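# Working through the structure, step by step
In case you want the letters, here they are:
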Amino acid sequence: MSQELILGIYVFIMAIFVGFEVIARVPSVLHTPLMSGTNAIHGIVVLGAMLVAGSADTTLVHALGFIAVVFGAANVFGGFVVTDRMLEMFRKRDAAKEAEEKKNV
Amino acid sequence: MSDLRESAIAVSYIVAAVLFIFGLKQLSSPSTARAGNRLAAMGMALALGATLLDRQILSYWSIALGTFIGAVMGIYFARTVQMTAMPQMVALFNGMGGATAALVSVAEFLRLSRSSELVGKGESTSIVLGTIIGAVSFTGSLIAFGKLQEILSGKPLQFPMQRAINALTLVAISALGAWVVMGSGGAFALWIVFAASLFLGAMFVLPIGGGDMPVVISILNSLTGLAAALTGFVLHNQMLVVAGVLVGASGTLLTLLMSTAMNRSVANVLFGAFGASGSSAAAAETGVHRTVRQTTTEDTAIALAYARTVVIVPGYGLAVAEAQHTVRELATDLEKRGVNVKYAIHPVAGRMPGHMNVLLAEANVPYDQLLEMDQVNGEFPQTDVVLVVGANDVVNPAARDDPASPIYGMPILDVDRARNIIVLKRSMGHGFAGIDNALFYHEKTRMLFGDARQSLTEVGQALKSA
């Protein structure tokens, strides 16, 4: 095994622990937005698509890379925007509550 | 780190990884969640920007055009989709990510096998696994999208030999995949692996009932993360490995949390063939007392107006009818009359955990009126009227009382313990689990058939004259 592959496996294993640890105490209200947020993050794969499309040496590879960039970009942009829209509702709720409190005062 | 450009890329990737981790951390707390999402988006922008500096990239026009088309498509759908359709939107975007991972794997294999350098075992294993997992995630997500969008039936779709066909497909994929890894199978073998994996993804999700789609989407989400990480091994890109694995791991944990909320094991969701055998038994059993008592909007209004405590149980029917604003108006009117109104939110009400909270928050329902299952279950015996708006499986007493029921053991809202129950429903159709609900035949239950929003509006009007 190459040194680089071993390093990659290290990173892989460490990232598993971080991924588990970082969301360990999430309330069920946030399950959907969190799923949507992580969904946007795996759109990072568009980065691979860019490398493939940008360095393609045949038409077929170029075409595959191009389609991959389109799908990946939709995943990234759509993913973050849809998550933001979901979370906007939580902000609204606080605002609504504040407005209510003001009214009561 | 031979030159400045490479160092800049490497440093950007490290910063982006840190931003992803902090973003995820903040996403798991309600007050910081929105900032967390933006932090992760910043990380993404940084990582993608840095990648454009890579010397491997010779032509930019296809990247620019592809990104533009994808971004416009993604943002358009994300902004125009109804709040009620969010879950299937997540499924759709997830499928696109899966497709990207699979296409990148295939394309990189084509490029590597044309060049003179020998494809290493590490790379080829990653390529094969990335292709399989990405393709399964793609078609699996599309089927999940179809089921939630109700293009496909939400019921578990089953046919003879299903398991045998799936097992055979899996064996074929493994054999061909191994052949590719060994270096003898060429591009053609990989294309077959790709096609067979697309088929497997669809076959894998079709037999799963619509009610289990949240868990399925969560699984597919973490699979796409894993596929993205595998492309990182192929392209020798640590950024892909880190971000992909972060999603793979947190997605797995999220899947476990969700299935715990539904009291089902992940294996049971995937292979339980849910609702197929149990429904007939449940239907036969409830056949004894099948009388349904209907009520009118006027009677409902009076029952509500003279109650001291009312608990509203929203379900997917409320989301479909977009009745969240109407229900809030009705609740406000009731409160003006001195009725104590609360909302009971089941952890998986709607199609996804948190779905109802988001919808009701959109309608400005005060946060302190939303009660979670554990808080509200003790209060039902003292509740005068429970108004069930388009919820079904989450109030099915069979989950508590009938060990033969396929949803037995799922925690439910004990609405049958309230003094009166009024159920707003479109028809006597089944819930997403595809099973009968004994609550509807209960002697304390009255059914108010019709579109939830229209029924609620009429109840609101009747309330004014009550």
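Residues numbered from 1 in each chain as written. Chains lettered and ligands numbered in written order. Predicted model: local features only at pLDDT ≥ 70, side-chain atom pairs only at ≥ 80, totals over all residues.

## Things to note about the overall build of chain A
Each helix and strand counted, chain A has four helices and zero strands in total. Along its sequence from the N terminus, chain A presents helices and strands in the succession α-α-α-α. Out of the 105 residues belonging to chain A, those deemed buried represent 56%. A sequence separation of at least 24 residues applies to 56% of the contacts in chain A between residues at least 6 apart. (Helix = DSSP H or I, 4+ residues; strand = E, 2+ residues; numbered from the N terminus. Buried ≥ 20, exposed ≤ 12 C-beta atoms within 10 Å, placed from the backbone. Contact = placed C-beta atoms within 7 Å.)

## Describing the packing of helix α14 (residues 324-336) of chain B against helix α18 (residues 452-465) of chain B
Residue and element names in this part refer to chain B. Remark: α14 packs on α18, axes separated minimally by 9 Å, with the N-to-C direction vectors making an angle of 20 degrees. With respect to α18, the axis of α14 lies roughly parallel. Remark: the crossing between α14 and α18 carries left-handed chirality. The segment α14 lies against α18, with T326, V327, E329, L330 and D333 engaging R453, L456, T457, V459, G460 and L463. (Axes fitted to C-alpha atoms, helices over the stretch in contact; angles between N-to-C directions. Parallel < 35°, antiparallel > 145°, perpendicular 65-115°, else oblique. Left-handed = near helix turned anticlockwise from the far one by under 90°.)

## As for the nonpolar core
If you look at the biggest cluster of nonpolar residues, it comprises 187 residues, and the most contacted ones within it are I44 of chain A together with A243, L246, V313, V388 and V389 of chain B. Taken together, domain 1 (98-271) and domain 2 (279-465) of chain B each give at least three residues to this core, which thus spans both. (Core = buried A, V, L, I, M, F, W, Y, C linked by C-beta atoms within 7 Å. Domains from an automatic or database assignment.)

## Here we look at the packing of helix α2 (residues 31-41) of chain A against helix α4 (residues 86-114) of chain B
Where α2 of chain A contacts α4 of chain B, the two axes come as close as 10 Å, and the packing angle between them is 20 degrees. Between α2 of chain A and α4 of chain B, the interaxial angle falls into the category roughly parallel. Once α2 of chain A is placed against α4 of chain B, the crossing between them reads as left-handed. In contact with T32, M35, S36 and N39 of chain A of α2 of chain A, α4 of chain B contributes M86, P87, V90, F93 and N94 of chain B.

## Examining the environment of L270 of chain B
Residues and elements named next belong to chain B. Relative to the helices and strands, L270 resides in helix α10 (residues 266-271). Here L270 falls in the partly exposed class, since 19 other C-beta atoms lie within 10 Å of it. Between the alpha carbons of L270 and I208 there is a distance of 6.7 Å; along the sequence they are 62 residues apart.

## A look at the interface of chain B and chain A
Counting residues at the interface gives 97 residues for chain B and 82 residues for chain A. Contributions of two or more residues to the side of chain B that touches chain A are made by α1 (4-27), α2 (33-51), α3 (61-80), α4, α8 (213-235), α9 (238-261) and α15 (355-362) of chain B. Examining the composition of the side of chain B that touches chain A, we find that 19 residues originate from one element, α9 of chain B, more than from any other. Residues of the side of chain B that touches chain A, tallied by class, amount to 60 nonpolar, 30 polar and seven charged. (Nonpolar A, V, L, I, M, F, W, Y, C, P; charged D, E, K, R; others polar.)

## Structural notes on the confidence of the model for chain A
Here chain A averages 85 in pLDDT, and 84% of its residues register 70 or above. Element-level pLDDT for chain A is lowest in helix α4 (residues 59-104) of chain A, with a mean of 80, against a maximum mean of 95 in helix α3 (residues 46-54) of chain A. (pLDDT = per-residue confidence, 0-100.)

## Considerations on the sheet that holds strand β1 (residues 309-314) of chain B
Residue and element names in this part refer to chain B. The strand order β3-β2-β1-β4-β5-β6 describes an open sheet built from six strands, whose pairing is parallel. The sheet terminates laterally at β3 (370-372) and β6 (445-449), the two strands that pair on one side only. Taken pair by pair, the neighbouring strands of this sheet meet at an average axis angle of 25 degrees, ignoring direction. In the sheet, β1 pairs with strand β2 (residues 340-345) via four bridges, with the strands oriented parallel. (Pairing = 2+ DSSP bridges.)

## A few points about the domain arrangement of chain B
For chain B, the domain assignment lists domain 1 (98-271) and domain 2 (279-465). Taking only C-alpha atoms into account, the centre of domain 1 of chain B sits 38 Å from that of domain 2 of chain B.

## Considerations on the environment of F159 of chain B
Residue and element names in this part refer to chain B. Looking at the secondary structure, you find F159 in the loop between α5 (121-148) and α6 (162-182). Its 9 C-beta neighbours within 10 Å are what place F159 among the exposed residues. Residues F159 and P207, spaced 48 residues apart in sequence, show a C-alpha to C-alpha distance of 8.7 Å.

## So, unusual backbone geometry
Residues and elements named next belong to chain B. At H236, a position not held by glycine, the phi torsion is positive, near 55 degrees. Residue position: H236 is located in the loop between α8 and α9. Residues other than glycine seldom take positive phi values, yet N364 does so here, at roughly 60 degrees. N364 gets classed as partly exposed once you count the C-beta atoms within 10 Å, which come to 17.

## A short note on the pairing of strand β5 (residues 420-425) of chain B
Residue and element names in this part refer to chain B. In terms of burial, β5 is largely enclosed, as five of its six residues are buried. Note: strand β4 (residues 385-389) against β5, five bridges, orientation parallel. Bridge pairing links V388 to V423 in β5. Of the strand pairs in this sheet, β5 and β6 are connected by five bridges, and their pairing is parallel. Each bridged residue has a counterpart across the sheet, and for I421 the counterpart in β6 is T445.

## Thoughts on α8 of chain B
Residues and elements named next belong to chain B. An ideal rise of 1.5 Å per residue puts 33 Å on 23 residues; α8 measures up with 33 Å between its terminal C-alpha atoms. Counted residue by residue, α8 has 23 buried out of 23 residues, so it is predominantly covered. Backbone geometry just after α8 places H236 at a positive phi near 55 degrees. (Expected span 1.5 Å × (residues − 1).)

## Comments concerning the environment of R453 of chain B
Residues and elements named next belong to chain B. Mapped onto the elements of the fold, R453 is located in helix α18. It is 9.4 Å that separates the C-alpha atoms of R453 and G317, two residues lying 136 residues apart in sequence. With residues up to four places along the chain from it excluded, the contact list for R453 reads A321, E322, A323 and T326.

## Points about the confidence of the model for chain B
Note: predicted coordinates in regions of low pLDDT should not be interpreted at a detailed level. Residue and element names in this part refer to chain B. The pLDDT averaged across chain B works out to 86; a share of 93% of its residues lies at or above 70. Below pLDDT 50 for its whole length, residues 274-289 participates in 30 contacts with residues either more than four positions away or in separate chains. The complex model carries a pTM of 0.76, and its ipTM stands at 0.88.

## Structural notes on the pairing of β2 of chain B
In this structure, β2 of chain B lies alongside β3 of chain B, joined through three bridges in parallel fashion. Bridging across to β3 of chain B, Y343 of chain B finds its partner in L370 of chain B.

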